[in-house]
Amino acid sequence: HGKVWQDSCVEFFVGNPCGEGYFNFEVNCIGTILAAKRTSRIDPAYLSEDKVAQIRRITSLERKPVDSEGEGQKWWMIEMIPFALLGLSQAPQALKANFYKCGDETVSPHYLAWNPLSSDKPDFHRRWDFGMIAFL
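What about the overall build of the protein?
Item 1. Assigned secondary structure in the protein consists of 1 helix and 9 strands.
Item 2. Secondary structure elements of the protein occur, N-terminal to C-terminal, as β-β-β-β-α-β-β-β-β-β.
Item 3. The 136 residues of the protein split such that 38% are buried.
Item 4. By sequence separation, contacts in the protein at least 24 residues apart represent 52% of the contacts at least 6 residues apart.
Item 5. Entry remark: accessible area of the protein is about 8,200 Å², with carbon and sulfur atoms responsible for 53%.

Some details on the nonpolar core
Item 1. In terms of nonpolar packing, the biggest core is built from 21 residues, with Phe12, Val14, Phe25, Ala35, Leu47, Ile55 and Leu86 touching the most fellow members.
Item 2. Counting only elements with at least two residues in this core, the list comes to strand E1 (9-15), strand E2 (22-28), strand E3 (33-38) and strand E7 (94-103).
Item 3. Per-element tally for this core: the top contributor is E2, with 3 residues.
Item 4. For Phe25, the residues in contact, after removing those within four places along its chain, are Val10, Glu11, Phe12, Val14, Leu34, Ala35, Leu47, Ile55, Glu79, Ile81 and Leu86.

Re the packing of aromatic side chains
Item 1. According to the stated counting rule, one finds 11 aromatic pairs in the structure shown.
Item 2. Considering the side-chain rings of Phe13 and Phe124, the 6.5 Å spacing of their centres and the 70 degrees angle between planes classify their relative orientation as edge-to-face. Taken together, the positions of Phe13 in strand E1 and Phe124 in the loop between strand E8 (110-113) and strand E9 (131-134) put the pair 111 residues apart, joining distant regions of the chain. For the pair formed by Phe13 and Phe124, the shared burial category is buried.
Item 3. Ring centres of Phe23 and Phe25 lie 6.3 Å apart, and the angle between their planes is 15 degrees; this geometry places the pair in the stacked category.
Item 4. By relative accessible area, which is 4% here, Phe23 ends up buried.
Item 5. Phe25 sits in the buried class, given a relative accessible area of 0%.
Item 6. An aromatic cluster of at least three residues, connected via ring pairs, comprises Phe12, Phe23, Phe25, Phe99 and Trp114.

Cut-offs applied
Residues numbered from 1 in each chain as written. Predicted model: local features only at pLDDT ≥ 70, side-chain atom pairs only at ≥ 80, totals over all residues. Heavy atoms only, no water. Helix = DSSP H or I, 4+ residues; strand = E, 2+ residues; numbered from the N terminus. Buried < 20%, exposed > 50% of the residue type's maximum accessible area, 1.4 Å probe, protein only. Contact = heavy atoms within 4.5 Å. Areas by Shrake-Rupley, 256 points an atom, 1.4 Å probe, with all protein chains shown as cover. Core = buried A, V, L, I, M, F, W, Y, C linked by side-chain atoms within 4.5 Å. Phe/Tyr/Trp six-rings, centres within 6.5 Å; stacked < 30°, edge-to-face > 60°.

All quantities given are derived from atomic positions and should not be read as evidence of function.
Encoded structure:
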């Protein structure tokens, strides 16, 4: 118990609106974040601490080790990513993206995707599986 990163996290993948590749944001139940710009699964360019500090995260659990079979099973999280981190000066009309819930190392492994995946095994790095998010 207490191993919180791999147990369960939510992930947001968004196509780079200013060029090639995509951004990958992963947050676990206590707000620990992994943020990178990528062109594929194997080449992360992790965002600097200064850039990561701009991403606001609010979670229902305290920032301390969590029992993944107890309190770590029920949680919520809000993540606010400034458009500037994506290279934008204002909100776009739309972005290609996908949201995922990843519980690959939980007692009952599970995955969830907002936009359907075209692969037999969960592979969140497939940009052709991203859906369109419109900003109204």
